[in-house]
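As a plain string of letters, each chain reads:
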Amino acid sequence: MRTVDMIQKKRDGGELTRQEISALIQGYTQGTIPDYQMSAWAMAVYFQGMTARETADLTLEMAASGEQMDLSSIRGVKVDKHSTGGVGDTVTLVLAPLTAAAGVPVAKMSGRGLGHTGGTIDKLEAIPGFTVELTRDAFIRQVNEHGVAVISQSGNVTPADKKLYGLRDVTATVNSIPLIASSIMSKKIASGADAIVLDVKTGSGAFMKTLEDSVRLAEAMVSIGTEVGRRTVAVITDMEEPLGTAVGNALEVRLAVETLQGRGPKDLEELCLELGSHMLVLGGAADTASTAKEKLKEAIASGAALRKFKEFVAAQGGDPAVGDNPELLPTASRQREVPAAADGYVGHITAEEIGVAAMELGAGRETKESVIDLSVGIRLLKKVGDPVRRGEPLAVLYAKSTEDNAKLDSIQERVRLAYRIQSEAAEPRKLIHAVITKDGVTYR
Ligand code: URA
């Protein structure tokens, strides 16, 4: 079938066959199908959607477009975790050593941050000496010896997705559920996961702003996982206010260490226990989510999770002493408080604004080429529900010593405005909204 006929078929609401999807993706990756035809097809998908079968075929085709990790020489069920991206989302830094300490091997490829959300690889690079580049053999050896390794996504994983995502970005076709779902799942499948736990964020700081859309995206990804034989569970979690109390690379590593020491913020710990419990069940290390949570709590209380963190850091060339002494992490020399403008209670914190403010301080990338500063960021001293007095600090900005005063003033104002102070105490927000498995949605 000619490309134009496949575009027309999708435009008119038809279902493409596996062969047609193969021809499209291979042709586009190899350059025989031009951007203008692929854009037209993406727009047709945007309006017409795709069936579960088409979405699974597209996912497998994109996964097969580049290098695929074979993790079969790692003992045990390899369970991957993916977050759709949030502000202050330092979960992987806690969860990787925590689930490894509880008996599930973690062989993870992660990305760098872009825009108002951070990336695990940047955070790990805040640890002095830590390398995110390992050969495939060293990666596998490390997981077999230490139970955990986290590396930067290699250049040639899912080139079809890379090219198509770039095109969607400039043709207003990013926001299509089957295209997002296949993009995310193709990378997880190419990374060799046997089972997948998805943290689908919902709220103002998330990609998906409403619970309804987040559930639809989660269902699409669970359906792909099921169609391609990877057990997949999705958890819809709140991203209305930032997660935890730190936004910025070294600051988030410090918070992850505190969480592994058992003194992290309640929301970050709750989320790690929830996602970790599904990982343990899928990985065969626990029979039920509640026994899994007990096992994870015990790993924190006994110090096993923190010991595993230090072992993991040392295995990748980093200084394990950061596990006992986070002062060894890079620290921004200039700090500025953000005072509350009124007495009352914190009613809301716009996560996206905090993420943008951290990016402006230099913690995140405005474009792929931006150079980041690992030491800068924001510490949130107040979260939703907390009482505040006028003049009391809501947050602290960590800035580079050379930061321009006018710019710092404007970032301070942005953070102040991100906080809504109200006279009545707000109900604490629910963190876990729903869990989606192949059997359906359970709302919490
Ligand atoms: N993240 C991805 O990896 N792909 C998308 O399409 C959207 C978000």
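Not measured: the values here are computed from a predicted model.

K.L.:
How should I be thinking about the overall build of the chain in this particular structure?
P.N.:
A count of helical and extended segments in the chain gives 16 helices and 14 strands. Its C-alpha atoms put the chain at 65 × 45 × 40 Å along the principal axes. Per-residue burial over the chain gives 57% buried out of 444 residues. Carbon together with sulfur atoms contributes 49% to the accessible area of the chain, which is approximately 17700 Å² in total. Each charge sign in the chain was given a centre, from 51 positive and 58 negative side chains, and these centres are 1 Å apart.

K.L.:
Explanation requested: the pairing of strand 3 (residues 148–152) in the structure shown.
P.N.:
Looking down a regular strand, the side chains alternate between one sheet face and the other. Burial within strand 3 is extensive, with 5 of its 5 residues counted as buried. Judged by which residues are buried, strand 3 turns out to be covered on both faces: Val-148, Val-150 and Ser-152 on one side and Ala-149 and Ile-151 on the other are all buried. Pairing geometry for strand 2 (residues 106–110) and strand 3, over 5 bridges, is parallel. For Met-109, the partnering residue across the bridge sits in strand 3 and is Ile-151.

K.L.:
Would you mind showing me how to read the site of the ligand here?
P.N.:
Taken together, Tyr-165, Arg-168, Ile-180, Ser-183, Ile-184, Lys-187 and Phe-207 form the complete shell of residues around the ligand. Contact between the ligand and Arg-168: an oxygen atom at 2.9 Å from a side-chain N or O atom of the residue. Contact with the protein chains removes 86% of the 240 Å² of surface that the ligand exposes when unbound. Here the element with the most residues in the shell around the ligand is helix 9 (residues 177–190); it accounts for 4 residues. Of the residues belonging to the shell around the ligand, the class tally is 4 nonpolar, 1 polar and 2 charged.

K.L.:
Even after reading the chapter, I still don't get the pairing of strand 5 (residues 231–238), so can you show me in this structure?
P.N.:
Here strand 5 lies mainly inside the structure; 7 of its 8 residues are buried. Here strand 4 (residues 195–202) runs beside strand 5; their pairing, made up of 8 bridges, is parallel. Bridged to Thr-202 within strand 5 is Asp-238. Since strand 4 and strand 5 lie parallel, the crossover through helix 10 (residues 211–227) that links them has a hand, and here it is right-handed.

K.L.:
Could you clarify how one ought to interpret the packing of helix 1 (residues 3–11) against helix 2 (residues 18–30) in this entry?
P.N.:
For any two helices packed against each other, one specifies the inter-axial angle together with the distance between the axes. Contact pair helix 1 / helix 2: the axes reach a minimum separation of 11 Å and the direction vectors enclose 120°. Taken as axis vectors, helix 1 and helix 2 run oblique relative to one another. When the axes of helix 1 and helix 2 are compared, the crossing they make is left-handed. Mapping the contact onto sequence places Thr-3, Met-6 and Lys-9 in helix 1 and Glu-20, Ala-23 and Leu-24 in helix 2. By residue class, the composition of the contact of helix 1 with helix 2 is 3 nonpolar, 1 polar and 2 charged.

K.L.:
Before we go on, may I ask you to explain the sheet that holds strand 4 in this structure?
P.N.:
Hydrogen bonds between backbone atoms are what pair the strands of a sheet, whose relative direction is either parallel or antiparallel. Across the sheet, 5 strands lie side by side as 1-4-5-13-14; this open sheet has mixed pairing. The open sheet terminates on both sides in strands that have one partner only, identified here as strand 1 (79–83) and strand 14 (440–443). Each neighbouring strand pair of the sheet contributes to a mean axis angle of 15°, computed without reference to strand direction. Pairing geometry for strand 13 (residues 432–437) and strand 14, over 4 bridges, is antiparallel. Each residue of the ladder has a partner; that of Thr-437, found in strand 14, is Gly-440. Of the strands in this sheet, strand 1, strand 4 and strand 5 are in contact with helix 9, which crosses strand 1 at around 150°. Where helix 12 (residues 266–282) meets the sheet, its contacts fall on strand 1, strand 4, strand 5 and strand 13, and the angle it forms with strand 4 comes to roughly 155°.

K.L.:
Any chance you could explain the packing of aromatic side chains here in plain terms?
P.N.:
Each pair of aromatic rings is reported with the distance of its centres and the angle of its planes. Using the criterion set out here, one finds 2 aromatic pairs in the structure. Here Phe-130 and Phe-312 contribute two aromatic rings whose centre-to-centre distance is 5.6 Å and whose plane-to-plane angle is 75°, an arrangement assigned as edge-to-face. Placement of the pair is Phe-130 in the loop between helix 6 (120–125) and helix 7 (136–146) and Phe-312 in helix 14 (residues 304–315), with a sequence separation of 182 residues. Taken individually, Phe-130 and Phe-312 each receive the classification buried, so the pair is uniform in this respect. Sitting above the plane of the Tyr-28 ring, Lys-163 keeps its charged end 4.4 Å from the centroid.

K.L.:
What am I meant to see in the packing of helix 5 (residues 91–101) against helix 14 here?
P.N.:
Running from N to C, helix 5 and helix 14 point in directions that differ by 110°, and their axes come no closer than 8 Å. Between helix 5 and helix 14, the interaxial angle falls into the category roughly perpendicular. Crossing angle aside, the handedness with which helix 5 passes helix 14 is right-handed. Along its contact with helix 5, which presents Leu-93, Pro-97, Leu-98, Ala-100 and Ala-101, the element helix 14 presents Ala-304, Ala-305, Lys-308 and Phe-309. The class makeup of the residues in the contact of helix 5 with helix 14 is 8 nonpolar, no polar and 1 charged.

K.L.:
Help me understand the nonpolar core in this model?
P.N.:
Soluble globular proteins: nonpolar side chains tend toward being buried together. Leu-98, Leu-124, Ile-127, Ile-354, Ile-378, Val-415 and Tyr-419 are the most contacted members of the largest nonpolar core, which has 88 residues in total. Residue contributions to this core peak at 8 residues, all from helix 12. When sequence neighbours within four positions are dropped, the list of residues in contact with Val-415 reads Val-338, Ile-354, Ala-357, Ile-378, Ala-395 and Leu-397. Residues Met-185, Leu-198, Val-200 and Ile-236 belong to the second largest nonpolar core, which totals 21 residues.

K.L.:
Can you walk me through the pattern of salt bridges in this structure?
P.N.:
If the charged atoms of two oppositely charged side chains come close together, the side chains can form a pair. Per the counting criterion, the structure on display carries 36 salt bridges. Salt-bridge contacts for Glu-15 lead to Arg-53; the nearest nitrogen and oxygen are separated by 2.6 Å. With Glu-15 in the loop between helix 1 and helix 2 and Arg-53 in helix 4 (residues 52–63), this pair connects stretches of sequence that are 38 residues apart. The network of salt bridges with common partners includes Glu-15, Arg-18, Arg-53, Asp-57 and Glu-61.

Criteria and cut-off values
- Residues numbered from 1 in each chain as written.
- Predicted model: local features only at pLDDT ≥ 70, side-chain atom pairs only at ≥ 80, totals over all residues.
- Heavy atoms only, no water.
- Helix = DSSP H or I, 4+ residues; strand = E, 2+ residues; numbered from the N terminus.
- Buried < 20%, exposed > 50% of the residue type's maximum accessible area, 1.4 Å probe, protein only.
- Areas by Shrake-Rupley, 256 points an atom, 1.4 Å probe, with all protein chains shown as cover.
- Lys, Arg positive; Asp, Glu negative; His and termini not counted.
- Charge placed at Lys NZ, Arg CZ, Asp CG, Glu CD.
- Pairing = 2+ DSSP bridges.
- Near = heavy atom within 4 Å.
- Polar contact = N/O pair within 3.5 Å; in protein donor to acceptor, adjacent residues only side chain to side chain.
- Nonpolar A, V, L, I, M, F, W, Y, C, P; charged D, E, K, R; others polar.
- Right-handed = clockwise from strand over helix to strand, strands pointing away.
- Axes fitted to C-alpha atoms, helices over the stretch in contact; angles between N-to-C directions.
- Parallel < 35°, antiparallel > 145°, perpendicular 65-115°, else oblique.
- Left-handed = near helix turned anticlockwise from the far one by under 90°.
- Contact = heavy atoms within 4.5 Å.
- Phe/Tyr/Trp six-rings, centres within 6.5 Å; stacked < 30°, edge-to-face > 60°.
- Lys NZ or Arg CZ within 6 Å of the ring centre and 35° of its normal.
- Core = buried A, V, L, I, M, F, W, Y, C linked by side-chain atoms within 4.5 Å.
- Salt bridge = Lys/Arg side-chain N within 4 Å of Asp/Glu carboxyl O.

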